[in-house]
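# Working through the structure, step by step
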Amino acid sequence: MLSALKAMNSFPFHIILLMFITRRIIARSNFYALAFQPTKSSSCNIVRSSLFINHQRINCMSTSKNNHNTSRQHFSTMKSTAEPQTTNMLDEDGNEYDWDKILPFQKNTHNSVKIVIPDEEQSSKDDLYDVDTFHNKLEATIATALQLKKTALWITVPISRARLIEEASKSGFAFHHAEEHTATLSKWLLDDVESRIPTYATHQVGVGAVVINAKNEILCVREKRNNYRRWKVPGGLAELGEDLDTAVIREVYEETGIKCRFISVLGVRHTHGSQFNRSDLYFVCRLEPIPINEEGDVPLPVPQEGEIEATCWVDFDEYRDMVYSEDPKVGHPMMKHIIKIVEQSDDNDIQKTIVSSVVPGRKPSPVYHAAIRSESS
């Protein structure tokens, strides 16, 4: 055997033996360095400490050059497998995480983090959100968020992955809100501090319009359902992202077919326990009908199909008498106050001014305010 080994013409036996021993020492040193040395963010990192060393036997019996090359390949394999194999990645702040053990998360407002779960069909073959491993990964993510001193953790779940909601509930998550095909869950992380997660959509916004034409007639409608009085002013709910003036103009046109321009806000009613048990802000606005000719004529209103039973121009005095009535089944206390304002000069109405925002990137927005008597600047 010794003579056969000495016949190797590329690597003398003592060189091969020395390289093998050296690799074993380096691999063992790497193992202990990885197992006991703190990582960059030891408070939140999850690192694999297991090493897989390829203990391949080296065939030194052959004297052929090809076998010498094969032996060198075995040493190369040992080198690559002896190095730590992790899936650690850095986030945008330079923190290191093992994404095999926690769920990917991102920064969110108010010192919280957020997990955004994609639709099933958009996921890769190796699903990060597999239902069998989801709970354990979520628990590890909660622990990581706590170590990062985050206050809350949010999860958005598409309806196609609704089965994950049950797993999240086992970790203390609760519904915050749902919209179309996505549910949002939240968990307050601080046991010694009362939750500051706000209730979703505390208010809905409604609009009503007082529209009076040149004949001193007020535009009124009667709905097909829920008519508490014979006549009411047109109006409805503002849509998401819709300004008050845009909303009230749209509602009047939808319900009556009358085009108007916004003048001012007359008043605001604030009630609670409305639709979906939300609070309600109802803005009554002064609008002006847009004439169809130079004589100032306005068209006859047309009721909206499916929603409005009737619409017409009602004599203003008749409407005034109705809302001022002492009969509790006829009078309308809120509109009584609104009509008092209407009969005053519109100088006292709530005005609208577009102002820029101090928040970077936010668009200018309307501010509704009392009349400003004089401009100081």
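Described in the following lines is the structure provided in the data block.

What counts and what doesn't
Residues numbered from 1 in each chain as written. Predicted model: local features only at pLDDT ≥ 70, side-chain atom pairs only at ≥ 80, totals over all residues. Heavy atoms only, no water. Core = buried A, V, L, I, M, F, W, Y, C linked by side-chain atoms within 4.5 Å. Buried < 20%, exposed > 50% of the residue type's maximum accessible area, 1.4 Å probe, protein only. Helix = DSSP H or I, 4+ residues; strand = E, 2+ residues; numbered from the N terminus. Contact = heavy atoms within 4.5 Å. Polar contact = N/O pair within 3.5 Å; in protein donor to acceptor, adjacent residues only side chain to side chain. Pairing = 2+ DSSP bridges. Axes fitted to C-alpha atoms, helices over the stretch in contact; angles between N-to-C directions. Phe/Tyr/Trp six-rings, centres within 6.5 Å; stacked < 30°, edge-to-face > 60°. Lys NZ or Arg CZ within 6 Å of the ring centre and 35° of its normal. Expected span 1.5 Å × (residues − 1). Parallel < 35°, antiparallel > 145°, perpendicular 65-115°, else oblique. Left-handed = near helix turned anticlockwise from the far one by under 90°. Nonpolar A, V, L, I, M, F, W, Y, C, P; charged D, E, K, R; others polar. 1 Å grid on protein atoms, 1.4 Å probe; cavity = no way out; pocket = protein on both sides within 12 Å on 5 of 7 lines; lining within 4 Å. Points joined across faces, edges and corners; volume = space filled by probe spheres on them.

A few words on the nonpolar core. Ranked by size, the top nonpolar core spans 21 residues in total, and within it Ile115, Leu138 and Ile155 carry the most contacts. Of all the secondary structure elements, the ones that give two or more residues to this core are strand S4 (112-116), helix H4 (131-147), strand S5 (152-158), helix H5 (163-169) and strand S7 (182-188). No other element matches H4, which puts four residues into this core. Those residues in contact with Ile115, other than ones at most four positions away along the chain, are Leu103, Pro104, Phe105, Tyr129, Leu138, Thr141, Leu153, Trp154, Ile155 and Thr156. Ile218, Tyr282, Ala310 and Val314 belong to the second-largest nonpolar core, a separate cluster that totals 18 residues.

With respect to the helices, strands and loops of the structure, Thr151 is situated in the loop between H4 and S5. Overall, the relative accessible area of 11% leaves Thr151 in the buried class. Polar contacts involving the side chain of Thr151 include one to the main-chain carbonyl oxygen of His110, which spans 3.2 Å. When near neighbours in sequence (up to four residues on either side) are disregarded, Thr151 contacts His110, Asn111, Ser112, Lys187, Trp188, Leu189 and Leu190.

Here we come to the sheet that holds strand S8 (residues 203-211). Taken together, four strands build an open sheet; the order of strands is S10-S8-S12-S11 and the sheet is mixed. Unpaired on one side and paired on the other, strand S10 (235-237) and strand S11 (260-271) mark the two borders of the sheet. Across the sheet, the mean angle from the axis of one strand to that of its neighbour is 20 degrees, orientation sign disregarded. Here S11 runs beside strand S12 (residues 279-289); their pairing, made up of 10 bridges, is antiparallel. Looking at S12, one finds that Gly267 is bridged to Val284. Against the sheet, helix H6 (residues 244-256) touches S8, S10, S11 and S12, its axis set at about 60 degrees to S8.

Looking at the element boundaries, Lys137 is found in helix H4. In terms of polar contacts, Lys137 uses its side chain to reach the backbone carbonyl oxygen of Leu128, at 3.3 Å. Setting aside anything within four residues of it in sequence, one finds Lys137 in contact with Asp100, Lys101, Ile102, Leu103 and Leu128.

So, on to the packing of aromatic side chains. Under the defined criterion, the tally for this structure stands at one aromatic pair. Here the basic side chain of Arg222 rests over the ring of Trp231, its NZ or CZ set 4.3 Å away from the ring centre. Across the ring face of Tyr324, the terminal group of Arg320 is positioned such that the distance to the ring centre comes to 4.3 Å.

Quick look at H6 now. In this model H6 runs 18 Å from its N-terminal to its C-terminal C-alpha over 13 residues, within 8% of the 18 Å that 1.5 Å per residue would give. Phi turns positive, to about 80 degrees, at Gly257, one or two residues after H6.

At their nearest, the axes of helix H7 (residues 316-324) and helix H8 (residues 333-342) sit 8 Å apart, and the two run at 140 degrees to each other. Of the possible angle classes, the one that applies to H7 and H8 is oblique. Crossing of H7 against H8: the hand is left-handed. Of the residues in H8, those touching H7 at Phe316, Tyr319, Arg320, Val323 and Tyr324 are Met335, Lys336, Ile339, Lys340 and Val342. Here the residues of the contact of H7 with H8 sort into seven nonpolar, no polar and three charged.

With mixed pairing, the five strands of this open sheet are ordered in space as S3-S4-S5-S7-S6. Each having just a single partner strand, strand S3 (106-108) and strand S6 (174-179) make up the two edges of the open sheet. On average, adjacent strands in this sheet sit at an angle of 30 degrees to one another, irrespective of strand direction.

Here we come to the layout of surface pockets. In this approach the atoms are scanned with a rolling probe the size of a water molecule, which exposes any empty space left behind. In this model, the largest pocket occupies a volume close to 980 Å³. Surrounding the largest pocket, 34 residues form its lining, Glu223, Asn226, Tyr228, Lys232 and Tyr282 being those nearest its centre. Mapped by element, the contributors of at least two residues to the lining of the largest pocket are S8, S10, H6, S11, S12, H7 and H8. Grouping the constituent residues of the lining of the largest pocket by class yields 12 nonpolar, 11 polar and 11 charged. In this model, the second largest pocket occupies a volume close to 580 Å³. Lining of the second largest pocket is provided by 16 residues; of these, Ala201, His203, Gln204, Ala238 and Leu240 occupy positions nearest its centre. Only S6 and S8 provide two or more residues apiece to the lining of the second largest pocket. A per-element tally of the lining of the second largest pocket places S8 first, with three residues.

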